[in-house]
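Okay, here's what each chain looks like letter by letter:
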Amino acid sequence: QKEVEQDPGPLSVPEGAIVSLNCTYSNSAFQYFMWYRQYSRKGPELLMYTYSSGNKEDGRFTAQVDKSSKYISLFIRDSQPSDSATYLCAMRTSNDYKLSFGAGTTVTVRA
Amino acid sequence: NAGVMQNPRHLVRRRGQEARLRCSPMKGHSHVYWYRQLPEEGLKFMVYLQKENIIDESGMPKERFSAEFPKEGPSILRIQQVVRGDSAAYFCASSPGTGIDGYTFGSGTRLTVV
């Protein structure tokens, strides 16, 4: 079993739709949860990060963490063609610098 | 303020050759991390270095792979006697400390072994 499992996709949605991305994990020691966006042939770019359980909102993006279910989500509202990218979830324990990544979900937003 | 610079962007090597991947961290960043991304897989941690020190190389294959971050110059990831299975994207990240806020990735080096 992989330490971090991410819905594989790909996802294709019309412009303006809500995009929902999910990851599950097995290590209950994970405390920091991140979402990265990776455009084709580019490096990952940090979008959101949250500590422990709860919700965090930043513009059109909302990150949710449910530690009791070991489940995290990223929602993108009013999606735009510029949101087309691969989204990677990542997490780490409080004592570690190493990130454990999901395999990524590729999202295409159709104009 | 340049970001994390990696070069070359693309590297083609024949089996058995050596590959050298370079990473210049962001200005003011003294912590460097290397990750490898295989097709259809997430990024996997390889090694964490500070200037002149390897802090954690637990993700590095024991054979053929080595990394350094000298006092002057970029960090180098070296792969000796490359094999087809080494074909991947190699990403470097840097941070001023170990907090996640400052963890910035470069655009990667795509290694193809033919």
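Scroll up to find the structure this text is about.
Counting restarts for each chain: residues are numbered from 1 in the order of the written sequence. Chains and ligands are labelled by the order in which they are written, letters from A for the one and numbers from 1 for the other. Confidence filtering applies because this is a predicted model: local features only for residues at pLDDT of at least 70, side-chain atom pairs given and counted only at 80 or more, and all residues used for totals across whole chains, interfaces and linings. Derived side-chain values reflect all non-hydrogen atoms in the structure, with water molecules and hydrogen atoms excluded from consideration.

Peer 1: Hey, could you run me through the overall build of chain B in this one?
Peer 2: Secondary structure summary: chain B contains zero helices and eleven strands in total. Helix and strand labels come from DSSP, where a helix needs a run of H or I of at least four residues and a strand needs a run of E of at least two; each type is numbered from the N terminus. Ordered by position from the N terminus, the helices and strands of chain B form the series β-β-β-β-β-β-β-β-β-β-β. Based on C-alpha atoms, the radius of gyration is set beside the globule rule, defined as 2.2 Å times the residue count to the power 0.38. On C-alpha atoms alone, chain B measures out to a radius of gyration of 13 Å, which is about the 13 Å that the 2.2 N^0.38 rule sets for 114 residues. Taken along its principal axes, the extent of the C-alpha atoms in chain B is 35 × 25 × 25 Å. Accessible area is worked out with a 1.4 Å probe on protein chains only. A residue is then buried under 20% of its type maximum, exposed over 50%, and partly exposed in between. Relative to its 114 residues, chain B shows a buried fraction of 46%. Considering only contacts within chain B whose residues lie at least 6 apart along the sequence, 52% involve residues at least 24 apart. Per-residue and other accessible areas follow the Shrake-Rupley method at a 1.4 Å probe size, with only the shown protein chains counted as cover for residues. Accessible area of chain B: about 5600 Å², with a carbon and sulfur share of 46%. The contact criterion used is simple: two residues touch if any of their non-hydrogen atoms lie within 4.5 Å.

Peer 1: Before we go on, may I ask you to explain the sheet that holds strand E1 (residues 5-7) of chain B in this structure?
Peer 2: Whenever strands of a sheet pair, they do so through backbone hydrogen bonds, lying parallel or antiparallel. Residues and elements named next belong to chain B. If DSSP finds at least two bridges between two strands, the strands pair. Ordered by their spatial adjacency, four strands build an open sheet running E1-E3-E8-E7, and the pairing between neighbours is antiparallel. A strand with exactly one partner marks an edge of an open sheet, and here the two such strands are E1 and strand E7 (65-68). Across this sheet, the average inter-strand angle for adjacent strands is 15°, counted without regard to direction. Judged from the five bridges that link them, strand E3 (residues 19-24) and strand E8 (residues 75-79) form a sheet pairing that is antiparallel. Paired with Arg-22 across the strands is Ile-76, a residue of E8. All axes here are fitted lines through C-alpha atoms, helices being fitted over the stretch that makes contact, and every angle between N-to-C directions spans 0 to 180 degrees.

Peer 1: How should the state of the cysteines be read in this particular structure?
Peer 2: Disulfides are covalent bonds that link the sulfur atoms of two cysteine residues. Two cysteine sulfurs form a disulfide in these notes if their separation is within 2.5 Å. Summed over all chains, the structure comprises two disulfides over all chains. Disulfide pairing is shown between Cys-23 of chain A and Cys-89 of chain A; the S-S distance is 2.0 Å. Across the S-S bond linking Cys-23 of chain A and Cys-89 of chain A, the dihedral sits near -100°, which makes this disulfide left-handed. A residue pair is termed long-range when its members are at least 10 positions apart, and Cys-23 of chain A in strand E3 (residues 19-25) and Cys-89 of chain A in strand E9 (residues 85-93) qualify at 66 residues. Overall, Cys-89 of chain A belongs to the buried group, its relative accessible area being 0%. The side chain of Cys-23 of chain B participates in a disulfide bridge whose partner is Cys-92 of chain B; the two sulfur atoms lie 1.8 Å from each other. Where Cys-23 of chain B bonds to Cys-92 of chain B through sulfur, the torsion about that S-S bond is close to -50°, and the disulfide is left-handed. Taken together, the residues span a long stretch of sequence, with Cys-23 of chain B in strand E3 and Cys-92 of chain B in strand E9 (residues 88-95) at a distance of 69 residues. There is no split in this pair, since Cys-23 of chain B and Cys-92 of chain B are both buried.

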